[in-house]
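Analysis of the macromolecular model
Here is how the chains run, residue by residue.
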Amino acid sequence: MRIFLAGATGVIGRRLVPLLRAAGMTVIGTTRSPDRAESLRAIGVEPVVVDMFDAAGVRRAVTEARPDVLIHQLTDLPQVFDAAAMEKARARNARLREEATPLLMRAAREAGVRRAIVQSICFVYRPGNTPHLESDPIDSPSIDVLEAATLGTPGIDGVVLRYGRLWGPGTWADKPDGLAAPLHVDAAAHAARLAIDRGPPGIYNIAEDDGAVSTLKAREFLGFDPAFRLP
């Protein structure tokens, strides 16, 4: 199976690659930086250097990859938390969701991709009864755009993974203490791996069970386990 992994050098992408490779999958991974291409090749990924806001470049990258499944793990946040820079970082991240996601989905459709798995977040539900279900309303325009593009592209089974607040290697937190709807980065990566060949299209909450969101759907249909860790 061929996997197009957008965001292969990101915090989840780096944990997902070994899971995909261990399953015998061919991984074509994107990066913005030519300097990171060799590091991807070293771990068995076919690197593609592409600007995710370049429609022609995205279309070419996806078409040439000939993937069976597209996984979108793109973010644009600093590696180390910087409160002073977060406003600009959130704006960059929102732009990725609003502009890059539709470009990726259109490219996937043209390339004949059958399934797309896209990173979302579960900590933007509007105030209401908890634990929140996937059917509860959210309060984020950029997430609305991202999820609509994922679920509304004809011919593609769209899977939205609403991740909790990440902790673990490469994230801003070493422990889940104080985080609402926490999620270890390895469990986040494993959920994406599971979604390749499990579960119907739709939205899934992916988090630890602290009462903020319900993960019953992900557990039943994907086999999600928040305790999963890489060896």
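Above: the structure in question.
Residues numbered from 1 in each chain as written. Predicted model: local features only at pLDDT ≥ 70, side-chain atom pairs only at ≥ 80, totals over all residues. Heavy atoms only, no water.

**Considering the packing of aromatic side chains**
Evaluated as defined, the whole model comprises zero aromatic pairs. One cation-aromatic arrangement involves Arg95 over Phe53; the distance from NZ or CZ to the ring centre is 3.7 Å. The positively charged end of Lys217 is found above the aromatic ring belonging to Tyr204, 4.8 Å away from the centroid. (Phe/Tyr/Trp six-rings, centres within 6.5 Å; stacked < 30°, edge-to-face > 60°. Lys NZ or Arg CZ within 6 Å of the ring centre and 35° of its normal.)

**What about the pairing of strand β6 (residues 157-163)?**
In terms of residue burial, β6 counts as a mostly covered element, since six of its seven residues are buried. In terms of strand pairing, strand β5 (residues 115-121) meets β6 through seven bridges, oriented parallel. Residue pairing for β6: Gln119 is matched across the bridge by Leu161. Handedness of the crossover joining β5 and β6 through helix α5 (residues 141-152): right-handed. Sheet topology note: the β6/strand β9 (residues 202-206) ladder contains five bridges and is parallel. If you follow Val159 over to β9, its bridge partner there is Gly202. (Buried < 20%, exposed > 50% of the residue type's maximum accessible area, 1.4 Å probe, protein only. Helix = DSSP H or I, 4+ residues; strand = E, 2+ residues; numbered from the N terminus. Pairing = 2+ DSSP bridges. Right-handed = clockwise from strand over helix to strand, strands pointing away.)

**Re the side chain of Thr30**
Mapped onto the elements, Thr30 comes out in strand β2 (residues 26-31). The exposure class assigned to Thr30 is buried, which follows from its relative accessible area of 3%. Reaching out from Thr30, the side chain makes a polar contact with the backbone nitrogen of Gly7 at a distance of 2.9 Å. What Thr30 contacts, discounting residues up to four positions off in sequence, is Phe4, Leu5, Ala6, Gly7, Ala8, Thr9, Leu40, Val48, Val50, Met52 and Leu74. (Polar contact = N/O pair within 3.5 Å; in protein donor to acceptor, adjacent residues only side chain to side chain. Contact = heavy atoms within 4.5 Å.)

**Observations regarding the environment of Arg193**
In this structure, Arg193 sits in helix α6 (residues 185-195). Using a relative accessible area of 18% as the deciding quantity, one classes Arg193 as buried. Counting along the chain gives 27 residues from Arg193 to Leu166, while the straight-line C-alpha distance between them is 17 Å. Sequence-distant contacts of Arg193, defined by excluding residues within four places in its chain, comprise Leu16, Leu19, Leu20, Ala23 and Met25.

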